Amino acid sequence: AVGISFAVSADARAADLLSYEAVYALRLTHASSSGGPRAATGTFESRFVETCDGWDTKSHTLINLAFSDGASFRNERYFSSLEAKTGQAYSFAALTLKNGKTVEAYKGTAELTKRGGRARYELPAPEGQKNGKVILLALPQGTLFPTAHSNALLGSAEKGTPLFRRVVLSGS
């Protein structure tokens, strides 16, 4: 008998990841009698698309909340990212709105090397100021971006390894 085995690299697994778009309806099925929202509806939209040189991810969450005192809130969160197929570069942006008013906004980039990496978050200038804030983070060796992390999870499952620990930078 002749046995043949093939090792599947992370790059091959990444090539097998499928692009998708999904929309989910959200609703509150049970409200607490002691407080909190009395009603909630919304949507979660997610898109994961392979591009020539990376993976483009976009999501949008919309939640409408109604409370027993008559107050209501509309919360939205937009998130987008682009991860290079090499697993070494990543860019991201987030925007959160509450009743149409921006409550959080930032964008950033990150790069990885064999020794670790660096992430750069850029926050916009507060109202009435010229300059925003830049936050630099050192990333430890072995850090992964989200798609590379998915591939590592798949690889771990293929090997029968139940758990592994890695630092993941998603930007969110």
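Residues numbered from 1 in each chain as written. Predicted model: local features only at pLDDT ≥ 70, side-chain atom pairs only at ≥ 80, totals over all residues. Heavy atoms only, no water.

A. A look at the overall build of the protein chain. When helices and strands are tallied, the protein chain shows two helices and eight strands. Secondary structure elements in the protein chain, listed N-terminal to C-terminal, are α-β-β-β-β-β-β-β-β-α. The C-alpha atoms of the protein chain give 20 Å as radius of gyration, which overshoots the globular expectation for 172 residues (16 Å, by more than 25%). Seen through its principal axes, the protein chain has C-alpha atoms that stretch 75 × 45 × 30 Å. In the protein chain, which comprises 172 residues, the share counted as buried stands at 24%. For the protein chain, the accessible area works out to roughly 11800 Å², and carbon and sulfur atoms hold 55% of it. Positive and negative charge centroids in the protein chain, built from 20 and 15 side chains respectively, lie 7 Å apart. (Helix = DSSP H or I, 4+ residues; strand = E, 2+ residues; numbered from the N terminus. Rg over C-alpha atoms; globule rule 2.2 N^0.38 Å. Buried < 20%, exposed > 50% of the residue type's maximum accessible area, 1.4 Å probe, protein only. Areas by Shrake-Rupley, 256 points an atom, 1.4 Å probe, with all protein chains shown as cover. Lys, Arg positive; Asp, Glu negative; His and termini not counted. Charge placed at Lys NZ, Arg CZ, Asp CG, Glu CD.)

B. Main features of a nonpolar patch on the surface. On the surface, a nonpolar cluster with roughly 200 Å² of combined accessible area is contributed by Leu-123, Ile-135 and Leu-137. Here Ile-135 is to be found in strand S8 (residues 133–139). Look at Ile-135 and you get partly exposed, because its relative accessible area is 32%. (Patch = residues over 30% accessible without salt bridge, like charges linked within 9 Å, V, L, I, M, F, W, Y side chains within 5 Å. Salt bridge = Lys/Arg side-chain N within 4 Å of Asp/Glu carboxyl O.)

C. Summary view of the pattern of salt bridges. Tallied over the full model, the rule gives six salt bridges. For Asp-56, the salt bridge is made with Arg-47, and the minimal N-O distance between the two is 2.4 Å. The class of Arg-47 is partly exposed, set by a relative accessible area of 25%. Among the salt bridges present, the one from Glu-104 reaches Arg-77, with a minimum N-O distance of 2.7 Å. Within this pair, whereas Glu-104 is found in strand S6 (residues 101–113), its partner Arg-77 is found in strand S4 (residues 72–84), the two being separated by 27 residues in sequence. Its relative accessible area of 35% is what places Glu-104 among the partly exposed residues. According to the relative accessible area criterion, Arg-77 is partly exposed, its value standing at 24%. Bridged by salt links that share partners, the residues Arg-47, Asp-56 and Lys-58 form one connected network.

Any link to function would need more than the numbers given here.
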